[in-house]
Structure formats: C-alpha cells, structure tokens
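In case you want the letters, here they are:
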Amino acid sequence: MRLFVALALPDEVRLGLSHLCCGLPGVRWVAPENFHITLRFIGEVDGGTADDIDAALCGIRAPAFTLELAGVGHFGDDSKVRAVWAGMRPQPALQHLHDKIESAVVRAGARPDGQRFRPHVTLARPNQPPPPSKMQAFLAQHGLYRSRPFEVTHFTIYSSFIGGEGPYYRAECSYELSRATVSAK
C-alpha cells in the first residue's frame, strides 16, 4: 500500500486553482480532484505498518487553523522544472502539524523524511521542460494569485494508485483537529 498524509482542499479552492492550469506547454496538469497539500509522503508499507501509522496519527492533538494559498512557483531551475506549484501564506500552525505528523510516522516505524517541509499544491509536472520564457510568463501572470482563506479542520491519510490516466488517490482515514473553545466569564 502506497500512503501519504495530506490536507484536502475545499471545492472552491480547487476550482480557483483549476483556472491557473493552462498556458504552459510541455506539462501534465494535475486533475483538480487530486489537488492537496502533502504533509508527509510515506510510500509503500505493509498492512501492519499501515495500522501502526494509523494508530500514531490518531494520537495527534493539534488545533484547527486557517490557510490561504498565495502565489505560484516551481521546483528546479528554469531549464529543469520538476513541478509547478501554488504556494501559501506562512502559517506556523501548519508547520506545527507537519512536525507532529513527522514525529508520529517515525515512531510508527517509517524512516525520517529528511527533507525541508515546503508546503504547496502541485499544479503540473513537466513531460519536457517548458521554454524558460513561457515559464517566466506563467509565473508573472499568476504570481499574485490568492485563494480565499479556508479552515483546516482535519488531515487525511491517502492511498495512491497509479493507473493509465494518472494517479488516483483514495482517502483512507481522516483525523480531526481540535477547535478552540471560548469559556464564558
């Protein structure tokens, strides 16, 4: 079973992102139903390890928070673009949640990730590097992109399947984040 932990995006945010997905030759656009923010890629695990990871994730306590997507960019240099993405406004609660998930997954037996957490939503992957002028035009055109703020109330573990038409992601289990309560005086 191939697993990853991610935040699902609200329908209106996915729709807004889908409007960015054009005008860049040589890339495979991600299907809007597959847009997400990866918190931890786990990879292939057996059923026992998956159960251990689930149990560890069930123990995470973290508050709900608000996110806002902001801007676009790419990984790699202009001649070797690896992915085109939408970024987000800094949110310490997102980093806190990522760190808790990383710790839980490692305690459950997975290897440490070892990479710096760079939250993003992947929009496209190149079949061939887009011409640098087209990449720069795309970044300039969409650089001021902003989503409406949205509340993050849970995170989800997904299984991933590769098919002829691209990847398919299935939500396996969601884990609620706590909501702040206000006490009456």
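A short tour of the structure in this document, coming up. Being a predicted model, the structure only gives us computed values, none of them experimental. (Residues numbered from 1 in each chain as written. Predicted model: local features only at pLDDT ≥ 70, side-chain atom pairs only at ≥ 80, totals over all residues. Heavy atoms only, no water.)

Under the criterion given, the structure shown has six aromatic pairs. Between Trp29 and Phe138, the aromatic rings sit 6.0 Å apart at their centres with planes inclined by 45°, giving tilted as the arrangement. In this pair, Trp29 is assigned in strand β2 (residues 27-29) and Phe138 in helix α4 (residues 132-142), connecting sequence segments 109 residues apart. Ring geometry for Phe75 versus Trp85: centroids 5.7 Å apart, planes at 40°, classification tilted. Taken together, the positions of Phe75 in strand β5 (residues 69-75) and Trp85 in strand β6 (residues 83-88) put the pair 10 residues apart, joining distant regions of the chain. The buried category is assigned to Trp85, whose relative accessible area is 16%. (Phe/Tyr/Trp six-rings, centres within 6.5 Å; stacked < 30°, edge-to-face > 60°. Helix = DSSP H or I, 4+ residues; strand = E, 2+ residues; numbered from the N terminus. Buried < 20%, exposed > 50% of the residue type's maximum accessible area, 1.4 Å probe, protein only.)

Counting 52 residues, the largest nonpolar core has Leu7, Leu17, Leu57, Leu97 and Phe155 as its most contacted members. The element that contributes the greatest number of residues to this core is helix α3 (residues 92-107), accounting for six residues. In this structure Leu17 touches Leu9, Phe35, Leu69, Ala86, Val121, Leu123 and Tyr145, once residues within four positions along its chain are discounted. (Core = buried A, V, L, I, M, F, W, Y, C linked by side-chain atoms within 4.5 Å. Contact = heavy atoms within 4.5 Å.)

Our focus in this paragraph is the sheet that holds strand β3 (residues 36-44). Taken together, the four strands give an open sheet; going across it, the order is β3-β1-β9-β10, and neighbouring strands pair in antiparallel fashion. Strands at the two margins of the open sheet, each flanked by one partner only, are β3 and β10 (166-176). Strand-to-strand twist in this sheet, taken as the mean axis angle between neighbours without regard to direction, amounts to 25°. In the sheet, strand β1 (residues 2-8) pairs with strand β9 (residues 154-163) via four bridges, with the strands oriented antiparallel. Among the inter-strand pairings, Leu3 is bridged to a residue of β9, identified as Ser159. Where helix α2 (residues 47-58) meets the sheet, its contacts fall on β1, β3, β9 and β10, and the angle it forms with β10 comes to roughly 45°. Across the sheet, α3 touches β1, β3 and β9, and the angle it forms with β3 is around 10°. (Pairing = 2+ DSSP bridges. Axes fitted to C-alpha atoms, helices over the stretch in contact; angles between N-to-C directions.)

Taken in spatial order, the four strands make up an open sheet running β2-β7-β6-β5, and their pairing is antiparallel. Only two strands of the sheet have a single neighbouring strand rather than two, namely β2 and β5. Taken pair by pair, the neighbouring strands of this sheet meet at an average axis angle of 25°, ignoring direction. Relative to β6, β5 runs antiparallel, the two being bridged by five bridges. Considered in β6, the bridge of Val72 is made with Ala86. The sheet contacts of α4 involve β2, β5 and β6, and relative to β5 the element is tilted by about 170°.

Under the counting rule described, the total for this entry stands at five salt bridges. A salt bridge links Arg40 to Glu102; the nearest nitrogen and oxygen atoms lie 2.4 Å apart. Of this pair, Arg40 sits in strand β3 while Glu102 sits in helix α3, placing them 62 residues apart in sequence. (Salt bridge = Lys/Arg side-chain N within 4 Å of Asp/Glu carboxyl O.)

Across 10 bridges, the pairing between β9 and β10 is antiparallel. Residue pairing in the sheet places Ile162 in a bridge with Pro167 of β10. Turn length for the β9-β10 hairpin, with the two strands adjacent in sequence and antiparallel, is two residues.

Helix length check: α2 (12 residues) gives 16 Å between terminal C-alpha atoms against 16 Å at 1.5 Å per residue, within 8%. Three or more residues of α2 are buried, namely Ala50, Ile53, Ala56 and Leu57. End-on, the buried residues of α2 take up no more than an arc of 125°, which puts them together on one face. Residues of α2 that are exposed and angled more than 90 degrees away from the buried face: Asp51 and Ala55. Tucked into the core, α2 has its buried residues touching β1, β3, α3, β9 and β10. The backbone nitrogen of Gly48 has a side-chain oxygen 3.2 Å away, supplied by the residue at the start of α2, namely Asp46. (Expected span 1.5 Å × (residues − 1). Arc of directions from axis to C-beta. Polar contact = N/O pair within 3.5 Å; in protein donor to acceptor, adjacent residues only side chain to side chain.)

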